[in-house]
Amino acid sequence: GAALHRLHADVVPVQPVKGSTTTPEFSDARVHPADWATPPFQAVIKDDRLYGRGTEDDKGPIAAVLVVLRTLRQMGLVPRVQVLAIMGTGEEGDWSGMRRYVAAKRPPLYAVSVDASYPVVIAEAGFVSWTLGIRRTPADRVASSVGPKVVEASAGQFLTQVPGEASMELVPATGQTQAALVAQLEPLVAAAVEARGKPFAAQVTRVRDSDRVRVVARGASVHSSTADEGANPVWILGDVVAELRPAPSAAGKVLELVGSKLSGDHWGEKLGVAYTHPMMGKVLVTPTLIKSTDELVSVGINMRRPAGRTKEDFDASLDRALAEAKGSLDLRFEELGRYVGEAAIADLEGPLVPTLLDIWQRATGQAARATTIRGGTYARLFPGAVSFGPSFPGNPYKGHGPDEYIELEALAKTTEMILEATLRLADGARAP
């Protein structure tokens, strides 16, 4: 038998800073992803917080677990069962390494992931990735007499983060000057920002050495599993295009889709995929990636879906949404990728959950009740597994976002609770 803690050592990827010749993961602290005020590739302690990429997700917990194992050895304690810290390096990717581990090993007696939130997470939403796009035509970037045309659109670095910034570039209509297009766009952009409120912001600028006009929208970047706590600037672009009604183009149609089916709606009502589970809540829908290449323009949509609806039924709702987009917006819309995951609910039999809830309540003095998350962790790969920390209730989740940090007090408390959990579960475990 074994009791084990599961963590992941990888972090979400970053894109190189324009003009940089270094690889971001190994460059010095002067190379920052967008929106970072602290050096992302260093561990920096400031204001009783530990800053750096992965400090909360999931390297702080790794440090806590390693301290616990070292402490057990220094104390000379010999658990009745094997205690393992299992670390994967593909949790932000395809999970293939940990899947191979699970397939090759005997299931543990108790499995605890330290990669979510307190008190105890017993259910995780299903992960959904859905990418739609339109292929460009030869006329896609050519001025039109119908009106201004959106020729480029861009947002996000990876699917699991609501972007902090989104942008689009437009060319004036035939006979329209760049200044006239700026004047046409400015009131539309201002109205869109005012309607959404803070912290949204946007700016209209002329593109140097070009007739193009750029609109840059800014919001508040968060993990896509908590999209309703952020501010998605892609919404602003969708709102502006909905009012502008530009000449047809691939980028314009993608932003029309955002404006008509996604903007202002976290819950999939306008897209037609909404449903609610009594324990896990509503499905969450957010566009996080917009890419423009020479061949096509695409939008990546991340969804977190609760239990209560079969995969076949949810797939059918996506099929209907695509058909609606083709019928009402553009027949050229096509699906470029789809993954629909299942929600996971832990087996609550046995002492694992009561033990962890008791540890939480005694350590913090706060009420202890099992909870659910929209994210996904390695816990779903192990029978009966749950997640225990490191995010404390009431604290903003900083994983995947700019200036990621973990509070030193929270890290110390996590270490303390993991130590007690390891002692109690390992001592009470019996091999079948």
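Just so it is clear, the model here is predicted, and its values are computed rather than measured.

Chemist: Before we move on, can you summarise the environment of V215 with the specific residues and values?
Modeler: Considering the arrangement of structural elements, one finds V215 in strand 12 (residues 213-218). According to the relative accessible area criterion, V215 is buried, its value standing at 0%. With 177 residues separating them in the primary sequence, V215 and F392 have C-alpha atoms 38 Å apart. When near neighbours in sequence (up to four residues on either side) are disregarded, V215 contacts A166, S167, M168, L170, L185, V189, Q203, V204 and L237.

Chemist: Got a sec to walk through the sheet that holds strand 22 (residues 405-407)? Specific residues and values, please.
Modeler: Strand order across the open sheet formed by three strands is 2-3-22, with antiparallel pairing between neighbours. Every interior strand has two partners, whereas the edge strands, strand 2 (44-46) and strand 22, have only one. Here the average twist between neighbouring strands, direction ignored, is 25 degrees. As paired elements, strand 3 (residues 49-51) and strand 22 share three bridges and run antiparallel to each other. Across the sheet, the residue bridging to L50 is I406, located in strand 22. Strands strand 3 and strand 22 of the sheet are contacted by helix 1 (residues 55-74), whose axis makes an angle of about 50 degrees with strand 22.

Chemist: If you had to explain the packing of aromatic side chains to someone new, which residues and values would you point to?
Modeler: Per the stated rule, a full pass over the model turns up seven aromatic pairs. Taken together, a centroid distance of 5.0 Å and an interplanar angle of 20 degrees make the contact between Y118 and W360 stacked. Highlighted residues: Y118 in the loop between strand 6 (116-117) and strand 7 (120-124) and W360 in helix 7 (residues 352-364), separated in sequence by 242 residues. Judged by its relative accessible area of 3%, Y118 falls in the buried class. Arranged with centres 6.2 Å apart and planes meeting at 65 degrees, the rings of Y275 and F314 form a pair that is edge-to-face.

About the criteria used
Residues numbered from 1 in each chain as written. Predicted model: local features only at pLDDT ≥ 70, side-chain atom pairs only at ≥ 80, totals over all residues. Heavy atoms only, no water. Helix = DSSP H or I, 4+ residues; strand = E, 2+ residues; numbered from the N terminus. Buried < 20%, exposed > 50% of the residue type's maximum accessible area, 1.4 Å probe, protein only. Contact = heavy atoms within 4.5 Å. Pairing = 2+ DSSP bridges. Axes fitted to C-alpha atoms, helices over the stretch in contact; angles between N-to-C directions. Phe/Tyr/Trp six-rings, centres within 6.5 Å; stacked < 30°, edge-to-face > 60°.

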